[in-house]
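So you can see what is in the structure, the chains are spelled out below.
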Amino acid sequence: MAAMRLSSRMHKKGMFLTFISIAIIAGLIIIFNPASVDLKKDVSSLKSRVSNVNDYVFDLENVYLKRALQASGRRAIISLIDHMEAKTEAANEERFLSNFESAFSEALVKGAINGEPLALMTGETFPELADEIATAAGSAFNVDTEFSELHRDNVTVYQKTPWFVNVDFRVSFKVTTAEETASWQRPAVINAEISIENFEDPYYLVKTLGKYSNKIRKSGASFNEWSIIKVKDFIKDGNYTHFQDGKSPSFISRFINSMAPSGCCGIESLVDPNKLAALGLDRDRDVSYSDYLFWSTAENCANPPFSLYKVNSIDAEFPNLKFDLDHLGKYKLSADAQLCPPPT
């Protein structure tokens, strides 16, 4: 009987230890392995989070920074034109830029030219706009966006078409989620195209000491559509055109007083003698009235670099306007008289 009672007690003790073990294991499962449904939810949430931030990183490089560069670049160009005009008027003599890219990059990054602040660039430099994007992204996406130093030496500005200025800015950035679950880091070249239409032509302003203002607007006439009527409208409206085989300078060249021909990007207009007269400027010069020749050609009718011609129907509305032989052909005009040198 004693042996049976001992066996019964041991059996009950074994069952108790088994229950204790099961309770402990269950507790460990609850502590270290939440419900499988919640775990799947966390993984799905993390995937969604990474996907959303990845979309932001793509848009940062391809949309937000591009738009910021375009906006800041446009202000920089306007600021340089205003600066040239102000310096020319103050000195009462021509003040061109010595290096367009250097001046542009300083305006874009530092908001200044030669260390002198440009009012239009206050709060609008590219680094300042990039910081605004980073701040907005922090609120919208709960991420930290860091840029390497946005230095002016990382800027390249050029033209590959007549009507746009291209700006490249080499940057490096890092985007990290606030909870530091993921990060993106990469170098990039941000490119922006800036239309030159509606900018003041700096060449006109400086050459006339700030008196003759002419905004750049593209003519609707193609190379084979020119006629006397279209040329008259072209002069009256102060419009510009690009000739494929032309010898005119690019928009950028007009900032540095370079009349070097630009095959890809040359633009030109015809100087309006009526506007010259209204501004108190000399309207009758023995030079071609194509703008890049009008102020860059020495007057010497006895031995000019080319001949000059008059078209009566145009002269009647725009007295004294003269064409060189090359532009007579480009505008599809016929001369009524040779003015310079006098025909023998």
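As the structure is a computational prediction, the values presented were derived from the model and not from experiment.

The rules behind these values
Residues numbered from 1 in each chain as written. Predicted model: local features only at pLDDT ≥ 70, side-chain atom pairs only at ≥ 80, totals over all residues. Heavy atoms only, no water. Helix = DSSP H or I, 4+ residues; strand = E, 2+ residues; numbered from the N terminus. Buried < 20%, exposed > 50% of the residue type's maximum accessible area, 1.4 Å probe, protein only. Polar contact = N/O pair within 3.5 Å; in protein donor to acceptor, adjacent residues only side chain to side chain. Expected span 1.5 Å × (residues − 1). Arc of directions from axis to C-beta. Lys, Arg positive; Asp, Glu negative; His and termini not counted. Salt bridge = Lys/Arg side-chain N within 4 Å of Asp/Glu carboxyl O. Contact = heavy atoms within 4.5 Å. Core = buried A, V, L, I, M, F, W, Y, C linked by side-chain atoms within 4.5 Å. Disulfide = S-S within 2.5 Å. Phe/Tyr/Trp six-rings, centres within 6.5 Å; stacked < 30°, edge-to-face > 60°. Lys NZ or Arg CZ within 6 Å of the ring centre and 35° of its normal. Pairing = 2+ DSSP bridges.

When helices and strands are counted, the protein shows ten helices and nine strands. The burial tally for the protein puts 40% of its 344 residues in the buried class.

For the rest of this paragraph, the subject is helix H3 (residues 100-110). Where burial is concerned, most of H3 is hidden: eight out of the eleven residues are buried. The complete set of buried residues in H3 reads Phe 100, Ala 103, Phe 104, Ser 105, Glu 106, Ala 107, Leu 108 and Val 109. Near the N-terminus of H3, the side chain that reaches the backbone nitrogen of Glu 101, with its oxygen 3.1 Å away, is that of Asn 99. Just beyond H3, the residue with positive phi is Gly 111, at close to 70 degrees.

Because each turn of an α-helix spans 3.6 residues, side chains separated by three or four positions end up pointing in the same direction. The end-to-end C-alpha separation of helix H4 (residues 126-141) is 22 Å, in line with the 22 Å expected for 16 residues at 1.5 Å each. Regarding H4, the residues found buried are Phe 126, Pro 127, Leu 129, Ala 130, Ile 133, Ala 134 and Ala 137. For H4, the angular spread of the buried residues around the axis is 160 degrees, confining them to a single face. For H4, the exposed residues lying more than 90 degrees away from the buried face are Thr 135 and Ser 139. One or two positions beyond H4, positive phi appears at Asn 142, with a value near 55 degrees.

To continue, consider unusual backbone geometry. In this structure, the amide linkage connecting Cys 340 to the following residue, Pro 341, adopts the cis form with an omega of -10 degrees. For Pro 341, the location among the structural elements is in the segment after strand E9 (337-340). The backbone phi angle of Glu 180 is positive, close to 60 degrees, even though this residue is not glycine. Even without being a glycine, Leu 209 presents a positive backbone phi close to 55 degrees. Relative accessible area serves as the criterion here: at 29%, Leu 209 is assigned to the partly exposed category.

As for its position among the elements, Asp 272 is in the loop between helix H6 (228-237) and helix H7 (273-278). For Asp 272, which is buried and forms no salt bridge, the nearest opposite charge comes from Arg 283, at a distance of 6.4 Å. Ignoring any residue separated from it by four or fewer positions in sequence, one finds Asp 272 in contact with Tyr 212, Ile 235 and Phe 318.

Moving on, we come to the pattern of salt bridges. Taken as a whole, this structure holds 13 salt bridges when the rule is applied. In this structure, the salt-bridge partner of Arg 254 is Asp 201, at a minimum N-O distance of 2.8 Å. With Arg 254 in the loop between H6 and H7 and Asp 201 in the loop between strand E6 (183-195) and helix H5 (202-207), this residue pair connects regions lying 53 residues apart in the sequence. With respect to burial, Arg 254 and Asp 201 carry one shared label: buried. Across the pair Glu 317 and Lys 232 runs a salt bridge whose closest N-O atoms are separated by 3.7 Å. Of this pair, Glu 317 sits in the loop between helix H9 (312-315) and strand E8 (323-324) while Lys 232 sits in helix H6, placing them 85 residues apart in sequence. Taken together, the salt bridges that share partners define one network made up of Asp 201, Arg 254 and Asp 291.

Attention now moves to the nonpolar core. The biggest cluster of nonpolar side chains holds 84 residues, and the ones touching the most others in it are Phe 104 and Phe 323. Among the elements that make up this core, the one with the highest residue count is helix H2 (residues 36-91) (twelve residues). Excluding anything up to four places from it in sequence, Phe 104 contacts Gly 73, Ala 76, Ile 77, Leu 80, Val 155, Val 157 and Val 167.

Right, let's talk about the state of the cysteines for a bit. All chains considered together, the criterion is met by one disulfide. With a sulfur-sulfur separation of 2.2 Å, Cys 264 is cross-linked through a disulfide to Cys 265. Handedness here is read from the sign of the S-S torsion; for Cys 264 and Cys 265, about -95 degrees, the answer is left-handed. Judged by relative accessible area, which is 0%, Cys 265 ranks as buried.

To continue, consider the packing of aromatic side chains. With the rule as written, the count across this model stands at 21 aromatic pairs. Geometrically, the ring pair formed by Trp 226 and Phe 243 is tilted, given 6.5 Å between the ring centres and 45 degrees between the ring planes. With Trp 226 in the loop between H5 and H6 and Phe 243 in the loop between H6 and H7, this pair connects stretches of sequence that are 17 residues apart. Across this residue pair, the class does not change: Trp 226 and Phe 243 are buried. Of the aromatic side chains, those joined through ring pairs into one cluster are Phe 96, Tyr 203, Tyr 204, Tyr 212, Tyr 289, Phe 294 and Trp 295. The ring of Phe 243 is capped by Lys 330, whose NZ or CZ atom sits 5.9 Å from the centre of that ring.

Here is the key point about a regular strand: its side chains alternate between the two faces of the sheet. Residues Val 143, Thr 145 and Phe 147 line the buried face of strand E3 (residues 143-147), whereas the alternating positions Asp 144 and Glu 146 sit on a face that is not buried. Two elements, E3 and strand E5 (residues 164-177), share five bridges in a ladder whose sense is antiparallel. Bridge pairing in E5 links Thr 145 to Val 175.

The values are spatial; any link to function lies outside them.
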